[in-house]
Amino acid sequence: MKIVRKKINVQGIVQGVGFRPFIYNLALSIKITGFVANTSEGVIIEAEGTIKQIDNFIKNIKLNAPPLSLITDISSSEINTKHSREFIIKKSQSNKSVATLISPDIAVCQDCLNELFDPNDRRYHYPFINCTNCGPRYTIIDNIPYDRPYTSMKDFKMCPDCQKEYDDPSNRRFHAQPNACPKCGPQVQLFDSNHNLQDVEDPIVATRKKLRDGKIVAIKGLGGYHLAVDATNNEMVQKLRKLKGRDEKPFALMVRDLKIAHQYCLISNEEEQFLQSPRTPIILLKKLSNCRIAESVAPGNDYLGIMLPYTPLHHVLFEDLDTPLIMTSANYSEEPICIENDEAFKRLENIADYFLIHNRDIYLRSDDSVGIFLHNKFRYIRRSRGIVPQPVFVKSTGPAVLAVGGELKNAICLLNEGKAFISQHIGDLENIEAYNFFKMTIEHLQRIFDVKSELIVHDLHPQYFSTQWAKEQPNIQTIAVQHHHAHLTACMAENQLTEPVIGIIMDGTGYGTDGTIWGGEILIGGYSNFDRFAHFEQLPLPGGDAAIKSPWRTAISYLYKTFDSSIPNLPFIDNLDIDPIIEMIDKNINSPLTSSCGRLFDAVAAMSGGRQTIRYEAQAAIELMQSFESIDVRPFSFEIEYKMEKRVILIQPIIRSLVRSIQNNESFSKISSRFHKTLVQIFLEIANEARNETGINQIVLSGGVFQNMVLFEHTILTLEKANFRVYTHSQVPTNDGGISLGQAMIGRTLTSS
Ligand code: ZN
Ligand code: ZN
Ligand code: FE
């Protein structure tokens, strides 16, 4: 029988996911010889055997790859035989060009859980148990290839027992880089807020007791510290809000298991699957009306953000705990999540009563990911732990590009060949700590993927910190991209679209090409250019950012622009001093013009009995949405005016119609229903005109306003009924957390052409 030798290159997420042991065991079972090696070019295998054996081998690599791996490419070529006698795993070698992917941090697997709760196992209750199929990855990697000396496990020398597992190709922990046990691995300790070590037998059991007693405990996790407190204890939840500087923005919860989750929320089968998946994101779930959760966890909100335990430490903590815990990123207000122990003590000393810390360093912070199951798909609202740094695969080739995102909810994107690596959630860059994290993430991502960008893309807004950073970089070309154009192309990119589309981009704010604030845009275009086909009429925003926090200001502005000085006497105006606002508009003092759809939501909510001032982003709009009842209502009147080759959606007719309905004492729910219906009708009408004019039938939906589930679903249903092909976000957020992907694609297209 003829013997051949083939060199096989496997690309994708193939490091740190048990790939080499899998290959080794497969080679043994098929009885071929050769070797497997981790290189920075991916996994390289040389396999020697009969043609039939080698074919069988390659077929099985694809068929039975380990659960956490993701093969993107597998190529093979015949080479000279070497008459090797056995199959071995070669030591890692560093190499220049890098194409490997790094696995995200993954929830503890069932095999490890079984050991964790087996009193006879040597890792019984050991909070850092892991194997090649689970555990920390991205957050502990400092460099590639993924080997222990390049991770934060480098400080821990394995004991003989662990080393034996690590060296044994048949073991589940063969080459599991974070492998550890109570004898040789990281340890937990409990401190009080004065930095006094607590003399307790088991720090986790002691922590559980503190939580039961209503204490706030800072707990070091996978991607950073959490602040934990009993979520049924209203008094303590309110105290945490006060200490943390967080007014009413909902807190996320962690509960022991699905059974407990069902006591608080309505959960579908799909949602159950996502809750339990190795990614374990926070999922927004409909709150049960009679559940025992403290009202202050998510005031006035119909949804609760829930996740299940994902580290062994969480599992041990919850072993004997039915109570749901708030598990919120440990920070003050919008600062980045704490990761270092000294930093945590300093930054959280006035918030936490106790600190459950450990000595495995976190190299790169990563908040919990957040998403929602909507219209048949899981949609990321915040893309972080559990998914980052898995790339979004795009249909594009060209130079490597760094895109630095926007200002709020910043995430950056490194586009290398057909892979867009979007960073974890970085935060709001106006915060200095977030800005430092932004710079560090850029450096870290370029290092671990060994990518040197040839171009930096930034937002058109000259004042964004990300823009300023980009412009400060020496010896590299930079390109500015309009905010909503980036939204449009982000949605195109993740759906692998290449031809121009109609983009319905409904957003808060973004800098327009005319220097005004855009945000309610229907654009037509692709990666190389766009046309502003239609937009909401631009009205003044008295006070700028102050109006965003006080929707009543926007309401007054829109009423004034509609009725001039004879503003109708609506109930919400009763206790307001509106003259200064009108003066601001008249004299054009700090009253930028905006076409924002988010601001229109604010104005409608404030006028019709909703929130006058907000305590977290979009609160007024969210509450308006929650009052929606049915789409089978009459829309408000609207008019689309054709002005200088652009369609302008006039605000006055909508406001007039709305005011009539308020004066007729229509309920808040009815008004909400009619307003949503109005928007959907407007989108349909303009989309039809765009299709008639251009022949384009593909529509993308993007922008922060599409986090509104009602608007999102009814827009899709209505457009699909009119035979449009509608594309939406699922891999990257529809909010500004997704725009760096669009920026990168535009930048590459403009430089390649
Ligand atoms: Zn495991
Ligand atoms: Zn050990
Ligand atoms: Fe935006």
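Keep in mind that what you see is a predicted model, and the values were worked out from it rather than measured.

So, about the coordination of the zinc ion (ligand 1). Four donors placed tetrahedrally around a metal ideally meet at 109.5 degrees, and six donors placed octahedrally ideally meet at 90 or 180 degrees. Looking at the zinc ion (ligand 1), the protein donor atoms are C109 (SG), C112 (SG), C131 (SG) and C134 (SG), and they sit 2.3 to 2.4 Å from it. Around the zinc ion (ligand 1), the four donor atoms are arranged such that angles at the metal cover 104 to 116°; this shape is classified as tetrahedral.

Strand order across the open sheet formed by six strands is β18-β21-β20-β19-β22-β23, with mixed pairing between neighbours. Edge positions in the sheet fall to β18 (392–393) and β23 (477–481), since each has one partner strand and no second. Where strand β22 (residues 455–459) meets β23, five bridges bridge the pair, whose relative direction is parallel. Its bridge partner being in β23, I456 is matched across the sheet by T478.

Bound to the zinc ion (ligand 2) are the protein donor atoms C159 (SG), C162 (SG), C181 (SG) and C184 (SG), situated 2.2 to 2.3 Å from the metal. Considering all four donor atoms around the zinc ion (ligand 2), angles at the metal cover 105 to 117° and the coordination shape is tetrahedral. We note that the donor set of the zinc ion (ligand 2) lies within a single chain, spaced as C-x2-C-x18-C-x2-C. The exposure classification of C159 matches that of C162, with both residues buried.

Look at helix α19 (residues 652–663) against helix α20 (residues 668–694): their axes get within 11 Å of each other, and the N-to-C directions meet at 160°. With respect to their mutual orientation, α19 and α20 come out roughly antiparallel. The two elements α19 and α20 meet at a crossing, and its hand is right-handed. The residues of α20 that touch α19, namely those facing I654, S657, L658, S661 and I662, are I671, R674 and I682. The residue inventory of the contact of α19 with α20, partitioned by class, reads five nonpolar, two polar and one charged.

For the rest of this paragraph, the subject is the domain arrangement of the protein chain. A common way to state how big an interface is: give the accessible area lost once the parts meet. Looking at the assigned domains, one finds that the protein chain contains domain 1 (3–89), domain 2 (102–390) and domain 3 (535–704). The distance between the C-alpha centroids of domain 2 and domain 3 comes to 41 Å. The partner domain 3 presents seven residues to the seven residues of domain 2 that form the contact. At the boundary of domain 2 with domain 3, total buried surface from both sides reaches about 630 Å², with 39% on carbon and sulfur atoms. Here domain 2 is connected to domain 3 by one salt bridge. Residues E248 and R611 are paired through a salt bridge, measuring 3.7 Å at the closest nitrogen-oxygen approach. Joining domain 2 to domain 3, the criterion identifies three residue pairs in polar contact (both at pLDDT 80 or more). Residues of the side of domain 2 that touches domain 3, tallied by class, amount to one nonpolar, two polar and four charged.

Regular strands show a simple pattern: their side chains alternate between the two faces of the sheet. Here strand β16 (residues 370–374) pairs with strand β17 (residues 377–382) via five bridges, running antiparallel. Considered in β17, the bridge of V370 is made with R382. Taking the residues between adjacent antiparallel strands as the criterion, β16 and β17 are bridged by two residues, where H375 takes a positive phi near 45°.

Ranked by internal contacts, the top residues of the largest apolar core, which has 137 residues, are I45, F57 and V297. Those residues in contact with V297, other than ones at most four positions away along the chain, are A231, V237, R241, K249, P250, F251, L253, L304 and I326. Ranked by size, the runner-up nonpolar core spans 73 residues in total, among them Y558, I581, I651 and L701.

Attention now moves to empty space enclosed by the protein. Evaluated as defined, the whole model comprises four cavities of 30 Å³ or more. In this model, the largest cavity occupies a volume close to 130 Å³. The wall of the largest cavity is formed by 18 residues, among which P127, L222, T311, P312 and R360 lie closest to the centre. For the lining of the largest cavity, the per-class residue count stands at eleven nonpolar, five polar and two charged.

Conventions used here
- Residues numbered from 1 in each chain as written.
- Chains lettered and ligands numbered in written order.
- Predicted model: local features only at pLDDT ≥ 70, side-chain atom pairs only at ≥ 80, totals over all residues.
- Heavy atoms only, no water.
- Donors = N, O, S within 2.8 Å, 3.2 Å for Na, K, Ca; no water.
- Tetrahedral: all angles 85-135°; square planar, octahedral: opposite > 155°, others 65-115°.
- Pairing = 2+ DSSP bridges.
- Helix = DSSP H or I, 4+ residues; strand = E, 2+ residues; numbered from the N terminus.
- Buried < 20%, exposed > 50% of the residue type's maximum accessible area, 1.4 Å probe, protein only.
- Axes fitted to C-alpha atoms, helices over the stretch in contact; angles between N-to-C directions.
- Parallel < 35°, antiparallel > 145°, perpendicular 65-115°, else oblique.
- Left-handed = near helix turned anticlockwise from the far one by under 90°.
- Contact = heavy atoms within 4.5 Å.
- Nonpolar A, V, L, I, M, F, W, Y, C, P; charged D, E, K, R; others polar.
- Domains from an automatic or database assignment.
- Buried area = accessible area lost by both parts, 1.4 Å probe.
- Salt bridge = Lys/Arg side-chain N within 4 Å of Asp/Glu carboxyl O.
- Polar contact = N/O pair within 3.5 Å; in protein donor to acceptor, adjacent residues only side chain to side chain.
- Core = buried A, V, L, I, M, F, W, Y, C linked by side-chain atoms within 4.5 Å.
- 1 Å grid on protein atoms, 1.4 Å probe; cavity = no way out; pocket = protein on both sides within 12 Å on 5 of 7 lines; lining within 4 Å.
- Points joined across faces, edges and corners; volume = space filled by probe spheres on them.

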